[in-house]
Amino acid sequence: MAQKSTSGSICMKRTRKKIVNLFWAALFLFVALALLAYAVFSWTSDRTYWEIRDWAAAVLSTVLGIAALAAGLYELVTSVRDAFFPEKSRLAKSIRSQLPYPEEAPPVRELFAMVDKDIQDNGAWFDRVAVGKEWILGDDATYIPRIRAVFGRDEIQRRRVNGRNITSEVVQIYIIDDRKQVQATGLRNPNELKQLLECLRLLAPDALFLPYEKYLDYAAKSRDEWESINREFRIRKARREMDAPAPRAEKEQNMVFTRPDGTDTSHVTEDMVLSTLRDAIRSDDETLFTLAPTVPYESGGRKLSFLQCAVLGVDDPDFDEADLKDEAEIYLIAGVKPEPGCPPETGAVLDCAYDEAERILLNWFHGQAPDISRWLVINIHAWEPPEKRPDPQPPRLALESATGVFQSHESFEREDVELAADGLNDGTYRYVELILPGGYLIFRVEPGDAQDGRSTVTATGDKDGKLRFYELKCSQSQAARQLLDYYDGKFRPAKPEWKDITRKIYKKIGV
C-alpha cells in the first residue's frame, strides 16, 4: 500500500543504515578465514600421494576463500563508506549521475535535501521504494524525466537442497535511464511491485514498461542502439503532448453536484469533490454524492448521464489518512442514459481503491468519461453496496510440516497447491492455509487432537453476495481433495457434512 513519506532526511537515514552490512562483512571474513586456513593446511601438508579429491578440496577452498575475502572486504569498505562518508556513498553517486553536470553537483547535504523535499512533499512509499513528483528513491535514486525503460521482476525460484525442494520469491524493479544507468531495488511484497509499476506508468507515460525477460537484452544494447531508444522516446513524448487538449482559461460550469445531504449545486469545484470524498472515508455511515453533466458523456458508444460515488467509510480515531484510504470501501456507479421518458435502469459499478476513485472523479469533472467496458453491469434501482466484510488478506499458501517447520508463499500456482494436497495425503503437512486473490476466500486445514484425530477444515464462500463461513471434520485425504476443489472454484459446502458457522465467526471478530 502506498503511504505518504515521513519527515527527516530520508537519504541520510538510508545511507547510515548501511552500517548493518558490517554483520555480513564479518560473516564473509570469518568464512574466508576458515576456508583459507583449510587451504593453507591442504597445500602445506606432507603427503606423498595426492588423490583427485585432495586436489579438488585444496583448489576449491582456495578459490572460495579468496571470493569470500573479496566479498567481506567489499562489504566492509562500502558499509563504512556509506555510513560515515555519505558524500562518497552509492546513493550520493546515483543522485549526482542524474544531474545535467555531475561534476558541478552541490555538497551532499544539498544533494540529499533536493530528493528529500520531493519525497516528503509529494512522495508515496511502495515497500522500500519512495516515488515523488520528480525522484524515485530505492537503493539508488532516479530522476523521473530521465526514465527510459522499466522492468518488473516477480519470480518463484525452485531448487533442491539435501533432497528437499526449496522455493523462494524474487521481487525486484529495474529502471534504466537515458544514459543507460541502471537502478535495481529489491522488494518484499509482489503486490507493492504491481502498484509501483502502475504509479510509474502515470509519471513516465512515454517510457517503456517491459517484462523482466527483456532486461538483459536492453542492458546489453550498444551506445548507438540506446541513442535510438532515446530518439523514439522523444518522438512518443512529442506526439503525446501534441495530442493533449489545450488547457482552457476558465472551466465552463456544465455540472450539477448532488451533495451527501441531497442538496444540489451547479457551482462545482475540484476541491468540493475531493473534500467530499475525503470526508466520506471518515464516516461510518454510507455516503453518496453524484456528479451529473448537463450534456451526457460518450463512452464506448453509450451515453453516461451521471457518476455516483458510494463510500463505506471507517470511523476510527486511531486511523491516520493512509489507513482510512486503505480500509474504506468505494464504489463508482455510472448511469447509462435511458430512452426518452424512461427512468435510468442500466448502469455499471466499479469497486475501486481511493486513488483510482479520486482520479476517475476528477477526470469526470473535467469532461472525460471512464471506460466502463470492464465494470459490472447492474440495475440502478436494485443495486446496493455489499455489506462490509472482514479485512481482506493478501493471497497466501501457508504450510506447516509434521515436524513444525512453517513456510508461507504469497505467489503460487496450482502446482504448489497440488504439492500441498499431496503433503496432507502422506502426512508431510499437518496444517495448510490457502488464501485466494481478493483476500476473502480462505481454506484452512488444522490437525485433530487427542480426542478427535480428524482434521478441522474451515472455509469461506460467497453466497448471494454475502461472505459465509463453513466448517468440516474429515480425514487428511478428504481435506486434500477439498483443497484442490476449492482452488479450482468447485467448492460446494453441502449439508450436513459442512456446518455454517458464519454467525459464530462474525460475533467473534465483532462484525
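Summarised in this report is the structure supplied together with it. (Residues numbered from 1 in each chain as written. Predicted model: local features only at pLDDT ≥ 70, side-chain atom pairs only at ≥ 80, totals over all residues. Heavy atoms only, no water.)

For the coordinates displayed, the defined rule picks out 18 salt bridges. Ionic pairing is found between Arg 278 and Asp 271, a salt bridge with its closest N-O pair at 3.8 Å. When the shortest N-O distance is used, the salt bridge between Lys 325 and Glu 321 registers 3.5 Å. One end of the pair is Lys 325 and the other is Glu 321, both in helix 10 (residues 321-327) and four residues apart, which spans about a single turn. For Lys 325, a relative accessible area of 24% puts it in the partly exposed group. Judged by its relative accessible area of 37%, Glu 321 is partly exposed. Salt bridges sharing common partners tie together Arg 396, Glu 433 and Arg 444. (Salt bridge = Lys/Arg side-chain N within 4 Å of Asp/Glu carboxyl O. Helix = DSSP H or I, 4+ residues; strand = E, 2+ residues; numbered from the N terminus. Buried < 20%, exposed > 50% of the residue type's maximum accessible area, 1.4 Å probe, protein only.)

This paragraph deals with the sheet that holds strand 22 (residues 455-463). The strand order across the open sheet built from seven strands is 19-18-20-21-22-23-24, with neighbouring strands paired in antiparallel fashion. In this open sheet, the two strands that pair with only one neighbour each are strand 19 (406-409) and strand 24 (499-500). Relative to strand 19, strand 18 (residues 396-401) runs antiparallel, the two sharing four bridges. Among the inter-strand pairings, Glu 400 is bridged to a residue of strand 19, identified as Phe 406. Across the face of the sheet, helix 12 (residues 414-426) comes into contact with strand 18, strand 20 (429-435) and strand 21 (442-446) while running at roughly 150° to strand 20. (Pairing = 2+ DSSP bridges. Contact = heavy atoms within 4.5 Å. Axes fitted to C-alpha atoms, helices over the stretch in contact; angles between N-to-C directions.)

So, about the pairing of strand 23 (residues 466-474). As defined by bridge partners, strand 22 adjoins strand 23 across nine bridges and the pair is classed as antiparallel. Along strand 23, the bridge assignment pairs Thr 458 with Glu 471. Taken together, the two bridges between strand 23 and strand 24 define a ladder with antiparallel strand orientation. Following the sheet pairing, Tyr 470 is matched in strand 24 by Asp 500.

Note that Gln 98 resides in helix 4 (residues 90-98). Judged by relative accessible area, which is 4%, Gln 98 ranks as buried. Reaching out from Gln 98, the side chain makes a polar contact with the backbone nitrogen of Tyr 143 at a distance of 2.9 Å. What Gln 98 contacts, discounting residues up to four positions off in sequence, is Trp 135, Ala 141, Thr 142, Tyr 143, Arg 146, Asp 177 and Gln 181. (Polar contact = N/O pair within 3.5 Å; in protein donor to acceptor, adjacent residues only side chain to side chain.)

Here helix 13 (residues 476-487) contains 12 residues, and its C-alpha end-to-end distance of 17 Å stays within 8% of the 16 Å for a straight helix at 1.5 Å per residue. Within the sequence span of helix 13, burial applies to Ala 479, Ala 480, Leu 483 and Tyr 486. Down the axis of helix 13, the buried side of the element spans an arc of 125°, and every buried residue falls inside it. Against the buried residues of helix 13 lie helix 12, strand 20, strand 21, strand 22 and strand 23. Following helix 13 by one or two positions, Gly 489 adopts a phi angle in the positive range, close to 80°. (Expected span 1.5 Å × (residues − 1). Arc of directions from axis to C-beta.)

Before going further, it helps to examine the packing of aromatic side chains. Tallied over the entire structure, the rule returns 12 aromatic pairs. Measuring from ring centre to ring centre gives 4.4 Å for Tyr 174 and Tyr 215, while their planes differ by 35°; the resulting arrangement is tilted. Taken as a pair, Tyr 174 in strand 7 (residues 164-177) and Tyr 215 in helix 7 (residues 215-219) lie far apart in primary sequence, 41 residues in all. Of the two residues examined, Tyr 174 and Tyr 215, each falls in the buried class. Where Tyr 212 meets Tyr 215, the ring centres are 6.1 Å apart and the plane angle is 15°; that geometry is what we call stacked. Each residue in the set Phe 151, Tyr 174, Tyr 212, Tyr 215 and Tyr 218 is aromatic and connected to the rest through ring pairs, giving one cluster. Looking at Arg 148, its charged tip hangs above the ring of Phe 233, at a distance of 3.7 Å from the centre. When the ring centre of Tyr 218 is taken as reference, the NZ or CZ atom of Lys 221 above it lies at 4.8 Å. (Phe/Tyr/Trp six-rings, centres within 6.5 Å; stacked < 30°, edge-to-face > 60°. Lys NZ or Arg CZ within 6 Å of the ring centre and 35° of its normal.)

Among the surface-exposed residues, Trp 43, Trp 55, Val 59 and Val 63 lie close enough to one another that they form a single nonpolar patch of about 400 Å² accessible area. Take the nonpolar patch: its biggest share by element is three residues, from helix 3 (residues 52-84). Among the secondary structure elements, Trp 43 is positioned in helix 2 (residues 22-44). (Patch = residues over 30% accessible without salt bridge, like charges linked within 9 Å, V, L, I, M, F, W, Y side chains within 5 Å. Areas by Shrake-Rupley, 256 points an atom, 1.4 Å probe, with all protein chains shown as cover.)

The next subject is the layout of surface pockets. Taken as a whole, the second largest pocket encloses approximately 650 Å³ of empty space. Around the second largest pocket, the lining is made up of 26 residues, and of these Asn 165, Ile 166, Leu 399, Gln 407 and Tyr 429 lie nearest the centre. The set of elements that each furnish at least two residues to the lining of the second largest pocket consists of strand 6 (147-161), strand 7, strand 18, strand 19 and helix 12. Looking at the lining of the second largest pocket element by element, the count peaks at seven residues for helix 12. (1 Å grid on protein atoms, 1.4 Å probe; cavity = no way out; pocket = protein on both sides within 12 Å on 5 of 7 lines; lining within 4 Å. Points joined across faces, edges and corners; volume = space filled by probe spheres on them.)

Counting residues in each nonpolar core, the largest one holds 33 residues, and the members touching the most others are Ile 330, Leu 332, Leu 361 and Trp 375. Among the elements of the structure, strand 10 (255-258), helix 9 (270-280), strand 12 (286-293), strand 14 (302-312), strand 15 (329-336), strand 16 (346-352) and helix 11 (354-365) are those that each provide at least two residues to this core. The dominant element in this core, judged by the number of residues it contributes, is helix 11, at six residues. Among residues more than four places away in sequence, those in contact with Ile 330 are Leu 277, Ile 281, Cys 309, Ala 310, Val 311, Leu 350, Asp 351, Cys 352, Ala 353, Tyr 354 and Ala 357. With 24 residues, the next largest nonpolar core counts Leu 397, Leu 436, Leu 472 and Tyr 486 among its residues. (Core = buried A, V, L, I, M, F, W, Y, C linked by side-chain atoms within 4.5 Å.)

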